[in-house]
Structures are given as C-alpha cells and as structure tokens.
Amino acid sequence: MKPVVNLYTWLQRSFVTLALIPLVFVELLFLTIYFVSSFWAVSSQADYLRSSAKESLGAIVVARASSISGQLEAVSGNVSLLANHFAEALAAPASLSAADQARLVLAPNGVYYTARDKTPGGAAVFYSGIHPVGTAERDKVARLLAVESMMRDLVVTNTLEDQVYLNTFDSLNVIYPYFDVLTQYSPKINIPTFNFYYEADLAHNPLKTPRWTKAYLDPAGKGWVTSAIAPVYSPSGFLEGVAGIDITVSRITTQVLGFEVPWGGYGLVVDRDGTILALPTSGEADWNLSELKSHHYSQALLEDTFKPSSFNLFQRRDLGDFSLTLAESSQGVMPVTLEGGKKLVSWATIGGTDWKYLVVVPESQVFKGINQIFIEQLAAGLVMSLGLLIFYGWFFYLLRRRALRMATALSQPLLQMDTIVSKLTRGEFTQSVPDTEVLELQTTAGHLVELGQHLSDAHAANKLIGEKLESARSDLIAVVNSLDDIILEADETGEITNLWNSDRERFEELPIVVAGEKMTLRTFIVLAQSNHQAQHVEIQVPSSTGMRWFLVKVSMYDHRRERLILAARDITERKILENTLVVARDEAESANRAKSQFLSNMSHELRTPLNAVLGFAQVLALSKKEPLTEAQRRHVREIDKAGQHLLTLINEVLDLARIESGKVSLSLEPIAVTKVLAGVLDLIRPLAERQGLALNVVNLVPDDTHVRADFTKTKQVLINLLSNASKYNRPKGEILFTVEREDQRVKFSVADTGHGIAEADQAKIFQPFQRLNQELTSDIEGTGIGLTVSKQLVNLMEGEIGMQSTLGHGSVFYVYLPLREAPAPVDPAILAAAVKNFGGEGFTVLYIEDNPANSDLVEQIVASLPGTRFLAANRGDLGLELARQHKPNLILLDLHLPGMDGFHVFGELRADEATREIPVFAVTADAMESSRTKALAMGFAAYITKPLNVDSFLEQLTNQMESLN
Ligand code: ADP
C-alpha cells in the first residue's frame, strides 16, 4: 500500500516529479545538444580555418620560393653567360694592359698574382705555386682578363652576387672584385680539389649546365658562401676551368630572407642536401643553431669547408618525421615542435636549385584567431547557459510559489469540506458554504451543505416515521394480543425472535404433538425450516382443559429461508365438530351400505318367489288342458302384469343398490356412436310404433365417432330416456333423437312432444322413486328409479345428464359423453404378415364382449387369418352357451360384461367339464398391474389390455395357436 500523504505534500511531489525533473532533464539535454553541436561547428570551422591558414602559408612559401628562384636563376644565368665569355676569351689572343702588367707579379714561391688593384677596380689574379708560370700562363691570364669588365658589371648590377671568378684546371684563379690574394690564398692551393670546381666536371655535371654548390667556407675570405658554377670547356671538350659567382650566406639572409613573413615567422633556405644556407637570427633559437657568419681561414685554406651537420635538416634526428618528410617532399606543411615551441613549417622547392625555402611560424600565432573564435564561442555558450540557468531558477521559483499557492487553495477548502462532512456525521446538519477560489470545490461544498439540509429534512421525516411506526407497532401488538391466534417469528436455529402472545414462556416450553409425534416448539420450527416449505400443519398442545388443536401455518420469511413466521390458530372447536361429522358420515355410509345390502338381498330373495308367481301365471294362461275362463284369464293377466312390474322394480332397485354400494364397475373404452344408436333404436323403434309415435333420428356425427363410455350402460341410459319420451308423450306425438358434437363431447338429446315437467318438479325427477304423482294421475307404469340410475351411470362415465322442459310443449333430455379418438384401424401390412405366418387350420376363437367396436376389431383380425373361425357373444350367458356348443380353441373374455361379469363367466367355464381346458385370454380396459397379477393367478392364459395393440395381440394369438399344435 502506498503511504498516505496530505494534499499539500502530494502536490509538492507532483510538482517536482511532473514539472521540475522533466524540465531540468529537457534543459540539460538541450544544453548538451547545444554544446556538442556548437563544439562540432566550431571545431569544423577551426579545422577549416586551420587548413586554409596552412594553405595560405603554403601559397606564401610557394610565392616566395619562386621569387627566390627568380633571383637565383638570374645568378645562374649570369654564370652561364660568364662561362661562355671565359671560353671565348681563352680562344681569342690578347695581351696584358700596361696597368695589369704593372700589377702582376711573380712571387719567389712561384705564385703569379696581382699585387694591387687598379682603377676603376680590377680583378685579382692568382696562379698557384703548384704550377710553374711561363709565357703560356701569362698569355692565358691576359686572355682571361679580357672578361674583367664583364665580371665587374655582374657584381655591380646584381646585389646578390659577391664575387665573380674563374678557376682553371691548373689552379689559376681570376676573381673580381680585387682583394689581396697573396695573403688570402695558400701559395700551393690546388683548385680542382674544391667543390666549386669538381662539382662542375663531367662526372658531376654531365649536362654541363650551371649548378649551385653546397654552402662552404669561402677560401677567398667571404665567409660562408654558396656558388653558382658553370664549366668552361675548350672546343676540344677539355674542362679548362669553372666559372663561378658566389653569394654569401649573410647576403641571402639579409636579402633573400628579408621577406616579411606573416604571423611573426621567418624564412630559411636549405640546399639540396638539407643544409641550412640562410637562417635569420630570429630562427636560431628554434633550430638550436647560430648562423655561421664568420669563418676560420686556417681551415678554409686547407680544404673545402662545409657547414657542420647540425645545419643539415635532413640529418637532424631530433626533428623526427620532419627531416624525412622535408627530404622527400618538394613541397609541404607540417607542424614541428622546435626549441622555441610548436611551429608550423611550410616549405617549397626553389626552382632551378633543388633548394628548399622554408617558412617557420609559431602555431599559436597561426591559430590565434581560430582559438579566439573557439573561446568566444564557448564563452557565448556559457553566457547563454548561465542565462538559461538564471531564467529557470527564476521560473522554477515562480512555479513552485504558484504550486504552493495552488496546493493551499485546494487543500484548504478540502479540509473545510472534511470538517463539514464530519459535522454532518455528528448530526450537525446546518452548515455554511466556505469561500474558496476554485469553482468546482465551491460547488461541491455547496452540494455538501445542501446535502446537510436534505439530511436534516430526512432526519426529521425519519423521526416522524419512527414515531408513527412505533405507534403502529404498539397498535399491532394490541391487535395481535387481542387475537386468539399466536404469531411468532423464528430464526434458523429455531430461536423465537418475536412472539405475539401474552403467555410467551409457557407456550415455548410446552411439548407439542405433530402427526402423533411429541416434540418441542423449537424442534418443530427447525424441522419445518429444513423442509423448506410453506405449509399448514396441525399440532396438538396440552392445556388445562385437555389437548388443544392448533392449525399452524409456517411461511418462510426471507429469501434465504433463514427466518420463518409461524401463525397458530386454535382449531380445537372445529376439530371437535369435524370429528362429530366424520362419525356421522361413517355412520350414514354404513347405514347406506346396510340399506343397499338389504335391498340387494331383498331383491334377490323377492325375485325367486316372483319368478314362481310369473311362471305359474303363464302356465295358467297358456294351459290348453284346463283353459281359463275369461274372468280367470283377466285375473291371471293382472297377476302377470303386477308381477312384471314388480320384477322391473326389483331389477332397478337392485341396479341402484349396486351403484350406490359401489359394486358396479364400468368398462370405459372407446365405443362407436353408430353401434350404440343401432342397439338403442332396434329396441325403441317397435315401442314407438306401438304407441303410434313418430321417431325421428338426426345423426350429425361422422360414422367413426367414438365416445369413452361403457357400451351397455350407455345403451341403458339412452333407452331409459327414449322410453320415457315415448311413455310420457301425447298420442301421435313425436320423438326427436339427435346426436351431435359439441367441443370435445358428443351430445345425445331426446326431445318429446309430451306435457312437459313443471319447473318446480324438474329438480326432483333425478331423485329415486320420484314419479311426480304419475302413479296417481295416470296408468303409465314406472318405478321412479330410471332417471336416478341414469344420472348415476352418466356420472360414473364422467359425462353429464340434464333436461329442459316447457310445460305443455314437451321435454328435452340430454346426455353428454366425452369424445374419444377412434381406435386405430388395423395396419394392413401387419395383418398381411400375420396372415402369411399363420398356420392354425381349423382354429376357432370365441370373443365374449359387449362393446361391438372391440368385437368388430378382433373379428377383423381373426377372420382374416386363414382357416380360422370367429364367434362372438355380447353377454356372458350367451358366451357360455357358445363355448359349450362350439368348444373353441381360445376364448377372449371381456371382464366387464353386463349382467354376468367376466370373472363370473370364467368361473362358469372352469366349472364345466366341457369348457374347463379351453385357454381364456382376459380382455380389459383395466391396465392396473394388480388386476393383471390377479387375473393371471386365477388361471387366465393372458391378460390383454384395451385399446388393443394389434401387433402384440397377434403375437399372443400365434403363440397360443402354436402351443396347441
Ligand atoms: P318412471 O318413468 O319409472 O316413473 P323415471 O325415473 O324414468 O321413472 O321418471 C321419473 C318421473 O319423471 C316419471 O315418473 C315422470 O313423472 C317424469 N318424467 C320422466 N320422463 C318424462 C318425460 N319425457 N315427460 C314428462 N315427464 C317425464
């Protein structure tokens, strides 16, 4: 769980996490991007500036080199010209001028030389003592001095050129301007051994072009010089000598290197071997050298003297890569760390010499501007960052102040609302709206105050309701207490939570009796609850006045069925009454049974003598031997008539007694209306005719209409109605017998044209022995039982019987019977199969059945089997007769037969020797298992229920037949 903090802290934290941190982060990111990008921009700018500085330095160097080259080329051009002049002079005869003759002296050591100068300045001549000077030598000197004026011109016109001279293979040196050669040169100097000589020979200079020598210490005393030299060949190709023009190093230094170099740098020249020819003073410290401007004559006189190797940049190991790069590249720029710090050295080759002109500038100076830009850029960045920092500092300060104010503005009203709510919970409902800056909070606070008002109203209303409730409750308690009933509530454990009875404790403790079992009220409650039913239970509670009865209604009280309400009503009085009634009913029933029994017995007992009376009356009437007189005959007729009447009466009383004692059992099965009509009309038609009545039959139902009823009893009822219609009709009257369908019933109505029945009498006619005084007012015979029996029978068949009558016009009696589906006709295919398989030749079946519909069906089945014979009887006595006569192979016996019932018939069959062995199938509508068991136990071979299942019936038939075979 997160720790709970107050709103103020929460807003503070939110401000830090949502505003401060992301903003700082974003700004840092932007600053980083700014610095990285500007650093990148500045460095690429610096790179560009550096490279362009280098380029311009290179361009300067190249320009200077070419300028030097121009000057040096002039010198080397001059030396070439000079050499040509010397060659020409050697070939042209000449003689010494007087001035020269005067100053040329042959010294004792064999040196031939000029002892002094002449005006305006002449050349100096020195013929080494190692070569003897003769005429030819003197002539050579004369010839060479012819070039003297040109030599002078060269030195005068070119500021670089210090000395102009010719050295010959025989160590003659002609040199301008004049100096004291005798003191300067060694007397035995061997000129061809000097570099300025041999470097011009064929071996060193096969192209015979002018060349520059390395710097060397001038033997003529000019100090460190370098010379442009050109060979002088005789026409025969002999190297006569070498012409040369000297340039002193100091002159190059001052003149050639006098160029102004930008960024406070300096120039220097190295020869093709890497030796520094000219080094300005400003550069000496860098290279750790001091330029050799002075010379040592003693050395110079002895041999070629070159600059020391420290002056050779190609060999200076301390310079690292630079030495190598400088030696190999004709042009370049390179940073080099020298004694004087980091320098940028740029060089280019001086055309025509293979010398290199170098410019050395301090790197700091070159990049000074660039670095300045860099620093400025950085400073700008820092200023900007600082600006941003100040801005954000200020901004965050403001933001924080605002956030704090916001937090206060929010938390203050919330606290006030909290106070309001806590006051509301304490019941202080009237509150005032606090002032806040925020509209929503103001509204909410307003709603809270409103809520308080509502609560206050509701509280008041509640209080009122509570009071009303309390008063209603006390009213209720008063009402309930005034009731005899006991009402109690109980919870799931059987604990009584509420009991509206003044005598609570006593009631709770009492043992009660439920369904004969003793228990406490509590056990009963738990039991009723576990049954989960709302129910009525009668319980018994002992009291001082004996056991009292209560009718208890138990109903579940809540949806979880955990609580119940139990209402108990004292029904002791009712119980006592009920018990009395039951006793009375039982008594009445037993009296009725006794009456029926008595009637039944009496009827039976009466019939026997009556049969005798009737029999003897007939004997008397029919006796031929002793014919009766007319008066006797009349008397005998009266006896017969009275006897017949008595017999009818007895039979009908017996019927009624049987019905009332419940002894009549009906076979309710589908019966065909047409068959019923046929049976009834056969009997009634002759009667109607005898009376002279018109009998009209209107049958409005289809032929295969069936009703569910007992065939014989239905006939009995209809015959009774029709015979009444004929009995109580007027002479030549009419009987209309209508059959029609009404919904799911068939209505049989019998209308007559008799006198009708008064409305007051209509209710009476279904009562037994009620004849409406017919016995007094007419001679129409009757017993007053017919309609009673009819009504009983129709009721048993679940039908309805009734009548309408208009006095003077006639009556309509009707009977409704329930409609039934016609039994399914026999499936021809099933029958065909049975016919094919049936092998019972000479097989006879007797069916004793009162319902022709059934009889017809079985006949249809049996008659179609090859070689079988079908016999039918609609009454038991007839059946017995046929059985005795024809001895059938099988008897099908309906158990519900009119008159003698099936069991009775079966008993007779078993009693008779002749029929004892014939197998009998019981055929009945009674499908009860107990009936089946009973029948099979009695000896029936099979028990077949209606409606007939043709398939299984055929199977049983076949089995039976096979067992006989
Ligand atoms: P019974 O005909 O033997 O007297 P019933 O029970 O059949 O007995 O009839 C009871 C009485 O109802 C008859 O005695 C007769 O008065 C009256 N009654 C019955 N049917 C008719 C009828 N169709 N017209 C007039 N009265 C009739």
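Structural data are supplied above this passage.
Q: Lay out the overall build of the protein chain in plain terms, naming residues and giving numbers.
A: On a plain count of helices and strands, the protein chain comes out with 28 helices and 33 strands. The C-alpha radius of gyration computed for the protein chain amounts to 83 Å, which surpasses the reference 30 Å derived for 965 residues by more than 25%, pointing to a less compact arrangement than a globule. For the protein chain, the spread of C-alpha atoms along the three principal axes comes to 250 × 95 × 55 Å. Across the 965 residues of the protein chain, 43% fall into the buried class. For the protein chain, the exposed surface amounts to about 50,200 Å²; the carbon and sulfur share of it is 57%. Seen as two clouds, the 86 positive and the 111 negative side-chain charges of the protein chain have centres 2 Å apart.

Q: Tell me about the pattern of salt bridges, residues and numbers included.
A: As enumerated under the stated definition, the model contains 29 salt bridges in all. The closest approach of N and O atoms between aspartate 170 and lysine 140, which form a salt bridge, is 2.9 Å. Taken together, the residues span a long stretch of sequence, with aspartate 170 in the loop between strand 4 (163-168) and strand 5 (172-176) and lysine 140 in helix 3 (residues 135-145) at a distance of 30 residues. Summarising the burial analysis for this pair, aspartate 170 and lysine 140 share the class buried.

Q: Got a sec to walk through the site of the ligand? Specific residues and values, please.
A: Taken together, 18 residues sit near the ligand, with Asn724, Tyr728, Asp752, Arg771 and Thr783 positioned nearest. Aspartate 752 has a polar side-chain atom sitting 2.8 Å from a nitrogen atom of the ligand. Between the ligand and threonine 783 there is a distance of 2.5 Å, counted from an oxygen atom to a backbone nitrogen or oxygen. At the level of secondary structure, the elements contributing two or more residues to the shell around the ligand comprise helix 19 (711-727), helix 22 (786-796) and strand 28 (810-820). Considered class by class, the residues forming the shell around the ligand number 7 nonpolar, 8 polar and 3 charged.

Q: Describe the environment of serine 665, and please don't skip the residues or the numbers.
A: Within the element layout of this structure, serine 665 appears in the loop between helix 17 (630-660) and strand 22 (669-672). A relative accessible area of 46% places serine 665 in the partly exposed class. Along the chain, serine 665 and glutamate 955 lie 290 residues apart, while their C-alpha atoms are 29 Å from each other.

Q: Please provide a residue-by-residue account of the packing of helix 12 (residues 368-425) against helix 13 (residues 439-482), values included.
A: Where helix 12 contacts helix 13, the two axes come as close as 10 Å, and the packing angle between them is 5 degrees. Taken together, helix 12 and helix 13 sit at an angle that is classed as roughly parallel. Residue-level inspection shows Ala409, Leu410, Pro413, Leu414, Met417, Ile420, Val421 and Leu424 of helix 12 in contact with helix 13, the latter providing Leu441, Thr444, Ala445, Leu448, Val449, Leu451 and Gly452. For the contact of helix 12 with helix 13, the class distribution of residues is 13 nonpolar, 2 polar and no charged.

Q: Could you give an account of the packing of aromatic side chains, naming the residues involved and the relevant values?
A: The final tally for this structure, using the stated rule, is 16 aromatic pairs. Geometrically, the ring pair formed by phenylalanine 903 and phenylalanine 940 is edge-to-face, given 6.3 Å between the ring centres and 85 degrees between the ring planes. Taken as a pair, phenylalanine 903 in helix 26 (residues 902-911) and phenylalanine 940 in the loop between helix 27 (929-938) and strand 33 (942-945) lie far apart in primary sequence, 37 residues in all. By relative accessible area, which is 28% here, phenylalanine 903 ends up partly exposed. By the ring-pair criterion, three or more aromatic residues cluster together here, those being Phe391, Tyr392, Trp394, Phe395 and Phe396. One Lys or Arg, lysine 208, reaches over the ring of tyrosine 233 and ends 4.7 Å from the middle of that ring. If you follow lysine 747 out to its NZ or CZ, it ends over the ring of tyrosine 814, 5.1 Å from the centre.

Q: How would you explain the sheet that holds strand 10 (residues 266-270) if you had to name every residue and give the values?
A: Across the sheet, 5 strands lie side by side as 11-10-14-13-12; this open sheet has antiparallel pairing. Strands with a single pairing partner mark the edges of an open sheet, and in this sheet they are strand 11 (276-278) and strand 12 (331-338). For this sheet, the mean angle separating the axes of adjacent strands, direction not counted, is 35 degrees. In this sheet, strand 11 lies alongside strand 10 in antiparallel orientation, the contact comprising 2 bridges. Following the sheet pairing, valine 269 is matched in strand 11 by alanine 278. Across the face of the sheet, helix 1 (residues 7-91) comes into contact with strand 10, strand 12, strand 13 (341-350) and strand 14 (355-362) while running at roughly 45 degrees to strand 13.

Q: Provide a residue-level description of the pairing of strand 12, including the pertinent values.
A: Alternating positions in strand 12 separate cleanly, Gly332, Met334, Val336 and Leu338 being buried on one face and Gln331, Val333, Pro335 and Thr337 remaining unburied on the opposite face. Pairing analysis gives 8 bridges linking strand 12 to strand 13, with the strands arranged antiparallel. Opposite methionine 334, over in strand 13, you have valine 345 as the bridge partner. With antiparallel pairing between neighbouring strands as the criterion, strand 12 and strand 13 make up a hairpin whose turn holds 2 residues.

Q: Tell me about the nonpolar core, residues and numbers included.
A: Nonpolar side chains in soluble globular proteins tend to be buried together. In terms of nonpolar packing, the biggest core is built from 58 residues, with Leu82, Phe86, Val141 and Tyr357 touching the most fellow members. Here the element with the most residues in this core is helix 1; it accounts for 14 residues. In this structure, valine 141 is in contact with Leu96, Leu104, Tyr112, Val125, Tyr127 and Leu172, ignoring residues within four places of it in sequence. Of all hydrophobic cores here, the second largest spans 46 residues; its members include Leu668, Leu677, Val746 and Ile785.

Q: Provide a residue-level description of the sheet that holds strand 33, including the pertinent values.
A: Read from one edge to the other, the open sheet built from 5 strands follows the order 30-29-31-32-33, with strand pairing classed as parallel. Each edge of the sheet is formed by a strand with only one pairing partner; in this case those strands are strand 30 (868-873) and strand 33. This sheet shows a mean twist of 20 degrees between the axes of neighbouring strands, independent of strand direction. The pairing of strand 31 (residues 890-894) with strand 32 (residues 920-924) spans 4 bridges and is classified as parallel. Residue pairing across strands places leucine 892 opposite phenylalanine 921, the latter belonging to strand 32.

Cut-off values and rules
Residues numbered from 1 in each chain as written. Predicted model: local features only at pLDDT ≥ 70, side-chain atom pairs only at ≥ 80, totals over all residues. Heavy atoms only, no water. Helix = DSSP H or I, 4+ residues; strand = E, 2+ residues; numbered from the N terminus. Rg over C-alpha atoms; globule rule 2.2 N^0.38 Å. Buried < 20%, exposed > 50% of the residue type's maximum accessible area, 1.4 Å probe, protein only. Areas by Shrake-Rupley, 256 points an atom, 1.4 Å probe, with all protein chains shown as cover. Lys, Arg positive; Asp, Glu negative; His and termini not counted. Charge placed at Lys NZ, Arg CZ, Asp CG, Glu CD. Salt bridge = Lys/Arg side-chain N within 4 Å of Asp/Glu carboxyl O. Near = heavy atom within 4 Å. Polar contact = N/O pair within 3.5 Å; in protein donor to acceptor, adjacent residues only side chain to side chain. Nonpolar A, V, L, I, M, F, W, Y, C, P; charged D, E, K, R; others polar. Axes fitted to C-alpha atoms, helices over the stretch in contact; angles between N-to-C directions. Parallel < 35°, antiparallel > 145°, perpendicular 65-115°, else oblique. Contact = heavy atoms within 4.5 Å. Phe/Tyr/Trp six-rings, centres within 6.5 Å; stacked < 30°, edge-to-face > 60°. Lys NZ or Arg CZ within 6 Å of the ring centre and 35° of its normal. Pairing = 2+ DSSP bridges. Core = buried A, V, L, I, M, F, W, Y, C linked by side-chain atoms within 4.5 Å.

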